[in-house]
Each structure stands twice: as C-alpha cells, then as structure tokens.
Amino acid sequence: MRILLYNPDNGVTHNFMPHLWMFLLKTLTPPEHEVLLIDGNARPMNEKQLVSFIRKEKIGLVGIGAMTRMIARAYRMADAIRAAGVPVVMGGPHVTEVPDEALGRNGGPRHADAVALGEADETWPRIVADAARGQLNDVYLPLDENGKERKPSLQPYPEIPWDKMDLDQFNLVPKVVRPLSEKYGTGWGSVHMIPIESGRGCPYGCEFCTVTGFFGDSIRFRSNESVVNELLRLKNTARKNRSQAMVFFIDDNFAINIKRTKSLLRDIIAADAQLPWTAQISSNLLRDEELVDLIAASGGRWIFIGMESIDAANLADVNKNFNKPSEYGAVLNRLARRGIYAITSFIVGLDNDTVGVADRMLNEIEKWPPGLPIFGLLTPFPATPLYDRLLKADRLTRPTHWLDFAPFKMAHTPLKMSIDEAQAEVRQAWTRSYSPERTESAIESIADKPWDHRLMHLISRLTFRGIYFPQMGKRAWAKVILDNRRSIIRLVREGLRGRRKVKPSSSTATVPFTATVKAE
Ligand code: B12
Ligand code: SF4
C-alpha cells in the first residue's frame, strides 16, 4: 500500500522545521508499505491539488495530523480526500481531545474514517495492517492487556534515517541567498533544524496546557546513548554534505529531571556530538549554574522559556506559580553570560491583566539581556482545565473557536479587560518589541559580544516579527530591510571591516533562530 502522511500548513511559518510525527510514523511503518510525506508548510496545496497528487501517486491511505489551530484546514482536506474514495485516519492532539468531532458523532459531519488517540507509536502498525485489509476501526487507542492506556517507553527508540529523508524543502537558507552563502560561507548553502525528542511528558499541569493530559504526568526518557547516536549521525551527515544541522529538542521541559539532563549533556560532550541546539526549559530549572554550564558546553544556543506573565497573581491563576517573575532577569543574565539567549513567551488576557499590561511587561523585558519575546492570547484548548473552567463560568464566546480559526483573536472574555482591549495589548507588545528602534537598541546592548552573535540576533529578530506581522514575499521583506537599514548597514560595515582582521567565533557557534515567516 502507498501511504501519504500529511500535515496542513499553519498559515504563519513557512519551512521552519519538519514535524517529528510524520518522520517517526514513517520509520515505524512496516517495510512492505511505502510512505510519502507532505508538509503543507513547505509544499502548500489546496484540496484539488492534494486530491490530484493522491490519485497520481495511487495512495491507498492518508494519515493527517494537526494541532487545534490547523484542524479546520485538516478537516477540509480530509473531506476532499474521502470524497475521492481514499480512507483518512487522523491523529495528534486535537482529535485526541475531541475525537467525536472528527468521527461526526457530535452532530456535525464526519471527517475521518478512523482516529488514532494519544501516542500512536504502537497503534500505527496496527492501523496500517487494518487499512491494507480494508477493515479500519473507528478508534485506535494504545491499551495494555488490562485495557489500561499504555504509553510507549521510548526505550528502545526507532532510528530515524534523517540522512535518507528528503529535507530539501526544509532548507532554512532562502533560495535567493543560497549561491552567495555557498560561495562566501562554505558549508552554509543549506541549514536544517531537526526535531529530536529526548523524552515525553510533563507533570506540572499548567491550566492552559494540553501536554500533561496528552502525554501523562509520567515522564519517559530515551537512553542517553540513543540521543547521542542520533546527534552523531546528524553531525556526520552535515559534515559529509557540507551543510549545517541544528537541533530542536522538542521535549516540553528538557530539564524536567535535572540529574538526567546533566548526564545526557555530559555524554553529548564526551562523544563530541555537539550541534547548536534549542530546547524548552522552564525558568525555575535554570537556577542551576552547573546545568547552564553544561548547556553551553554541549551546544545549547537558544532556550525557549514559558514566562507567561510578570504578575505572580496571574501565574497562580493558571497553576504556574513555580515561575518567579522576580528571578527572570537573573535567569536570562545567567544564560547570556555564556552566550545563550532566550525566546521568552508571554500570554496576554490572563485574568489579572488590565489595560497597559503590554507596556508594563515591555518595561521589564527591556531591562533584561536581549532575546526574542513572543506574545499570544490566552487560548482555551479543548480538554484543558482552563477550557472547563471558562465553560462553567459561561465565559467562552467561541466555544469551538478552532472551527473558525483566526490568529490572535480571543475565544473568551478576559476578566478585567474587554476582548478588543486584550487584542490591542498583544498588538502593542509586538509593535514595541520589534520596532526598528528597539531592534537597534537590542543589538547595541550586546556591542561587546562577537559580531556573529549580533548578526544572529538581528536575523532572528527580523524573522520573528513575522509571527505577528505578516511578511511573506519580496515586497514585505524589502520593507523590513528598509525600515531596519540602520542596524543592517552598521553590522554589514563592521563585518566587512572585521573580515580582514577577525574570524567569527566558530562556524557553528552561533546560528539565528530563524523561520521563514509568511502571511496568514
Ligand atoms: C515542536 C512544537 C512546536 C513547533 C512546531 C513546528 C514543528 N515543525 O514541529 C513550534 C515551536 C513552532 C510550535 C508552535 C506552536 N505550538 Co507547539 N508544540 C510543539 C511540541 C513541543 C512538540 C511536537 C512534537 O513533535 N511532539 C512529539 C511527537 C512525537 O508527538 P505528536 O506530535 O503528538 O505525535 C504523536 C501523536 O500525537 C500521534 N500523531 C500525531 N499526528 C498524527 C497523525 C496520524 C495520522 C496518526 C495516526 C498519529 C498521529 O502519533 C505521534 C507519535 O506518538 C508540542 C508538545 C508535545 N510534546 O507534543 C507542542 C504543541 C503541539 N504546540 C502547541 C501549541 C498550542 C503551539 C502554538 C499555538 C503556541 C502558541 N501559543 O503560539 C504554536 C503554533 C504554531 C503554529 N503556527 O502552528 C500545543 C497544541 C495543543 C493543541 N491542542 O493544539 C502543544 C501540544 C503544546 C501545548 N502546550 O499544549 N510548536
Ligand atoms: S511546564 Fe510547559 S509543558 Fe509543562 S504543563 Fe506547564 S506549559 Fe505545559
């Protein structure tokens, strides 16, 4: 059987990083079947184009995975595929949380022949076998002999053959720049960000988050050896292909067990398996100086920190009072001293937020080492404690907001602001954070750092602003470049002067945290 795994485009980022689930399920597919992958973010298609691809390639089963925000698009694609007579199985967080919707059991239309609930590592081969026999069940659940949900142990973990996968569509170097970057920056013609999981699960149970419910509060880890070997394979392939590989450890909280994280990082260093990496770590775990030393020595460059709010009352409301706003600055300084920077994520529209919250946050953020702040609105994802609380309080204005998804639009009424006010606060936060003046002063504030660190910051800032402000296409980028010309010219001049004197700190030492960002 020929199988297509399809991930709908998210409408914001272009070809930033492959989705791990597709590559994992492809690896877990019994060898007698052939698996094709389409990520809509890299290869956008409408319903007609997708159906004609499926017909041409004689696909017998389509698997679709989607987060909540992409589910409406996923349903539209699934409807078109099923209308063409090809069965569809859907998986991922949203269908796990609301399976009846995809199966048409809640009064709406049916979109999928089958749904895979939860982690599908063990159920996927069964789904494929049933589909090949033409006998798909409606629901697949990973159960043990006693009928209890079973979570995969991650030991052993499959070897994803990244070197054999077609990753050309995920090259982060824009096509127009490739000839130049090949010529002047040997080995920089192609740059890939590869997702690696070293463990699953987070016990913290923040009110708005689906992770504790989905992966369970029992944390499971791969062996250090399996992670180190994956890094070594990536490093060798990059060296052979004269390209660059970076890693995103997609664990929800990479340092959730500090002892284990330290031991993994020590093993990476001992095996010389370092690649520049990014990971998500909560701020409370970054108090540990030894951990931060090991992060730096093992290739850690960007840490994603869910700060959410600078207001302790807000954090308590969403069960995240292990975050201490008073220590955010110290944590970021601890990282910056080692050349590590942070993507700091904030939520607007929390119950204690009032008008002016964006400027209050920005006044704090601007005192810290420069990073990449991102701002979102509090979003009630289905099956989270937050969703249930707002539903009970009759505060949901769009209870099935995912069916008419719109970015940066609230689905409930905040307590101390109106919806419009909360949305305006998010706009103000993005506008002020990524204004040319702010970008210039952020780069200025690290004038003592090596040139390539500052270049990395500039590129990352220019791409990150596109998460909020659509910037797809040459015209939009020309405007961004024009608006930020002072910072760009200054760095280019300095770089040209320095080329004769100074070498960059090391070829893989700094990489921009970049995503090709497109308009919604
Ligand atoms: C990496 C990641 C991202 C990346 C995505 C890019 C990429 N290429 O991967 C980035 C950083 C950009 C990102 C952004 C966001 N993310 Co995110 N992200 C993750 C994260 C940490 C890991 C995803 C992953 O690869 N997991 C590992 C794989 C193996 O697990 P999996 O995807 O669930 O797949 C398994 C099963 O679900 C199932 N499965 C999945 N698909 C399919 C399909 C079929 C056919 C079958 C059979 C089975 C199946 O099988 C797999 C193996 O068991 C998850 C949390 C998590 N731990 O999963 C959040 C998560 C997916 N993100 C989430 C959210 C909310 C977001 C944002 C909206 C955050 C924000 N406020 O801005 C943005 C949206 C971005 C966008 N524009 O789309 C939520 C989604 C909740 C929901 N119900 O939709 C999650 C679950 C985290 C959370 N806090 O709740 N994210
Ligand atoms: S710490 Fe992060 S992953 Fe864990 S429950 Fe909270 S938001 Fe979710």
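This text gives an overview of the structure that appears in the document. (Residues numbered from 1 in each chain as written. Chains lettered and ligands numbered in written order. Predicted model: local features only at pLDDT ≥ 70, side-chain atom pairs only at ≥ 80, totals over all residues. Heavy atoms only, no water.)

**Observations concerning the packing of helix α17 (residues 436–444) against helix α18 (residues 451–464)**
Axis separation between α17 and α18 bottoms out at 10 Å; the angle between their running directions is 160 degrees. Of the possible angle classes, the one that applies to α17 and α18 is roughly antiparallel. With respect to the hand of their crossing, α17 and α18 are arranged in right-handed fashion. Of α18, the residues touching α17 (which contributes R438, T439, A442 and I443) are R454, H457, L458 and R461. Here the contact of α17 with α18 is composed, by residue class, of three nonpolar, two polar and three charged. (Axes fitted to C-alpha atoms, helices over the stretch in contact; angles between N-to-C directions. Helix = DSSP H or I, 4+ residues; strand = E, 2+ residues; numbered from the N terminus. Parallel < 35°, antiparallel > 145°, perpendicular 65-115°, else oblique. Left-handed = near helix turned anticlockwise from the far one by under 90°. Contact = heavy atoms within 4.5 Å. Nonpolar A, V, L, I, M, F, W, Y, C, P; charged D, E, K, R; others polar.)

**Focus: the environment of V228**
Inspection of the secondary structure puts V228 in helix α9 (residues 224–240). Sequence-wise, V228 and Q274 are 46 residues apart; in three dimensions their C-alpha atoms are separated by 8.9 Å. Aside from chain neighbours lying at most four places away, what touches V228 is L264, D267, I268, A271 and A273.

**Re the side chain of R220**
Within the secondary structure, R220 sits in strand β9 (residues 220–221). The exposure class assigned to R220 is buried, which follows from its relative accessible area of 9%. Within the structure, the side chain of R220 is placed 2.9 Å from the backbone oxygen of F215, a separation counted as a polar contact. When residues no more than four places from it in sequence are discounted, the contact partners of R220 are E119, K151, P152, S153, L154, S198, G199, R200 and F215. (Buried < 20%, exposed > 50% of the residue type's maximum accessible area, 1.4 Å probe, protein only. Polar contact = N/O pair within 3.5 Å; in protein donor to acceptor, adjacent residues only side chain to side chain.)

**A look at the site of ligand 2**
Neighbouring ligand 2 are the residues C202, Y204, G205, C206, F208, C209, T212, D252, K320 and F322. Taken together, the residues that form the shell around ligand 2 break down as six nonpolar, two polar and two charged. (Near = heavy atom within 4 Å.)

**Some thoughts on the site of ligand 1**
Close to ligand 1 lie 38 residues; M17, T68, D121, T210 and D252 are nearest. One of the backbone N or O atoms of T68 is found 2.7 Å from an oxygen atom in ligand 1. Contact distances for ligand 1 include 2.8 Å between an oxygen atom and a backbone N or O atom of A120. Those elements giving two or more residues to the shell around ligand 1 turn out to be α1 (20–28), β3 (61–65), β4 (88–91), α4 (93–97) and α8 (211–215). For the shell around ligand 1, the element with the highest residue contribution is α1, accounting for four residues. In terms of residue class, the shell around ligand 1 is made up of 21 nonpolar, ten polar and seven charged.

The values reported here are purely geometric and, on their own, carry no functional implication.
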